[in-house]
Amino acid sequence: LSLSQIRRTVYMFSRNVEDASLPLSIQMTCVRLMHHLVESIFRRRNDPAQAADARANLIRILDATVSKFRTVRPGVAGLLENAKRAEDMEAASVKAAKAAQDAAESGGALDASTDADAASAVKTEPS
């Protein structure tokens, strides 16, 4: 890509990252795509004609990333609490399912032994 194409791409993706109306998945995809451009931009820093523009693109990518972190930061505590609650609920559900399975297995074993005892009692009764 030429530097002008990279500049337009970085501009467009950085605007998408800052657009709160877009889903977070699209914003994060834009961040990833901008970060893939960093190496291509970084290689152009030695060319004096492109150095200033390359630096401006790198700064725009960094600014968009930091800005996104600032936007996401207040919600992180709530997300972590929700994740912890979900993990606790899942662990309780797994524990309850395991207890029910153990009870079914031990109850099934008792039923089988009771059936076997009843069958042997029928065979041993005098006629």
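Rules used throughout
Residues numbered from 1 in each chain as written. Predicted model: local features only at pLDDT ≥ 70, side-chain atom pairs only at ≥ 80, totals over all residues. Heavy atoms only, no water. Helix = DSSP H or I, 4+ residues; strand = E, 2+ residues; numbered from the N terminus. Buried < 20%, exposed > 50% of the residue type's maximum accessible area, 1.4 Å probe, protein only. Contact = heavy atoms within 4.5 Å. Areas by Shrake-Rupley, 256 points an atom, 1.4 Å probe, with all protein chains shown as cover. Axes fitted to C-alpha atoms, helices over the stretch in contact; angles between N-to-C directions. Parallel < 35°, antiparallel > 145°, perpendicular 65-115°, else oblique. Left-handed = near helix turned anticlockwise from the far one by under 90°. Nonpolar A, V, L, I, M, F, W, Y, C, P; charged D, E, K, R; others polar. Expected span 1.5 Å × (residues − 1). Bend = angle between axes of the 7 residues up to and from the residue. Patch = residues over 30% accessible without salt bridge, like charges linked within 9 Å, V, L, I, M, F, W, Y side chains within 5 Å. Salt bridge = Lys/Arg side-chain N within 4 Å of Asp/Glu carboxyl O. Core = buried A, V, L, I, M, F, W, Y, C linked by side-chain atoms within 4.5 Å. Arc of directions from axis to C-beta. pLDDT = per-residue confidence, 0-100.

Enquirer: Tell me about the overall build of the chain, and name the residues and values.
Expert: Helix and strand content of the chain: three helices and zero strands. Beginning at the N terminus, the succession of helices and strands in the chain can be written as α-α-α. Relative to its full complement of 127 residues, the chain shows a buried share of 16%. Counting contacts in the chain only where the partners sit at least 6 residues apart, residues at least 24 apart contribute 58% of the total. In the structure as shown, the chain presents an accessible area of about 9500 Å², 60% of it carried by carbon and sulfur atoms.

Enquirer: Give me the lowdown on the packing of helix H1 (residues 3-18) against helix H2 (residues 24-43), citing residues and values where you can.
Expert: Where H1 contacts H2, the axes come no closer than 9 Å and their chain directions differ by 150°. In terms of axis orientation, H1 runs roughly antiparallel to H2. Crossing angle aside, the handedness with which H1 passes H2 is left-handed. Here H1 contributes Ile 6, Thr 9, Val 10, Phe 13, Ser 14, Asn 16 and Val 17 to the contact with H2, which in turn contributes Gln 27, Cys 30, Val 31, Leu 33, Met 34, Leu 37, Ser 40 and Ile 41. Grouping the constituent residues of the contact of H1 with H2 by class yields ten nonpolar, five polar and no charged.

Enquirer: How would you sum up H2? Please name residues and give values.
Expert: Its 20 residues give H2 an end-to-end C-alpha distance of 30 Å, which sits within 8% of 28 Å, the value for a rise of 1.5 Å per residue. Of all the bends in H2, the greatest, near 30°, is centred on Leu 37. The set of residues buried in H2 consists of Gln 27, Cys 30, Val 31, Met 34, Leu 37, Ser 40 and Ile 41.

Enquirer: I'd like a rundown of a nonpolar patch on the surface, residues and numbers included.
Expert: Together, Leu 24, Val 72, Val 76 and Leu 80 give the surface a local cluster of nonpolar side chains, amounting to about 320 Å² of exposed area. Ranked by residues supplied to the nonpolar patch, first place goes to helix H3 (residues 48-124) with three residues. With respect to the secondary-structure elements, Leu 80 resides in helix H3.

Enquirer: So what's going on with the nonpolar core? Residues and values would help.
Expert: The biggest cluster of nonpolar side chains holds twelve residues, and these are Ile 6, Val 10, Phe 13, Val 17, Cys 30, Val 31, Met 34, Leu 37, Ile 41, Ala 54, Ile 61 and Ala 64. Going through the elements one at a time, H1, H2 and H3 are the ones with two or more residues in this core. The element best represented in this core is H2, accounting for five residues. Filtering out sequence-adjacent residues up to four positions away, Ala 64 remains in contact with Ser 14, Val 17 and Met 34.

Enquirer: Account for H1, naming residues and giving values.
Expert: The end-to-end C-alpha separation of H1 is 22 Å, in line with the 22 Å expected for 16 residues at 1.5 Å each. Where H1 is concerned, the buried positions are Leu 3, Ile 6, Val 10, Phe 13, Ser 14 and Val 17. Down the axis of H1, the buried side of the element spans an arc of 100°, and every buried residue falls inside it.

Enquirer: So, the confidence of the model for the chain: which residues are in play, and what are the values?
Expert: On average, residues of the chain carry a pLDDT of 83, and 83% of them reach 70 or more. Mean pLDDT values for the elements of the chain range from 80 in H3 up to 91 in H1.

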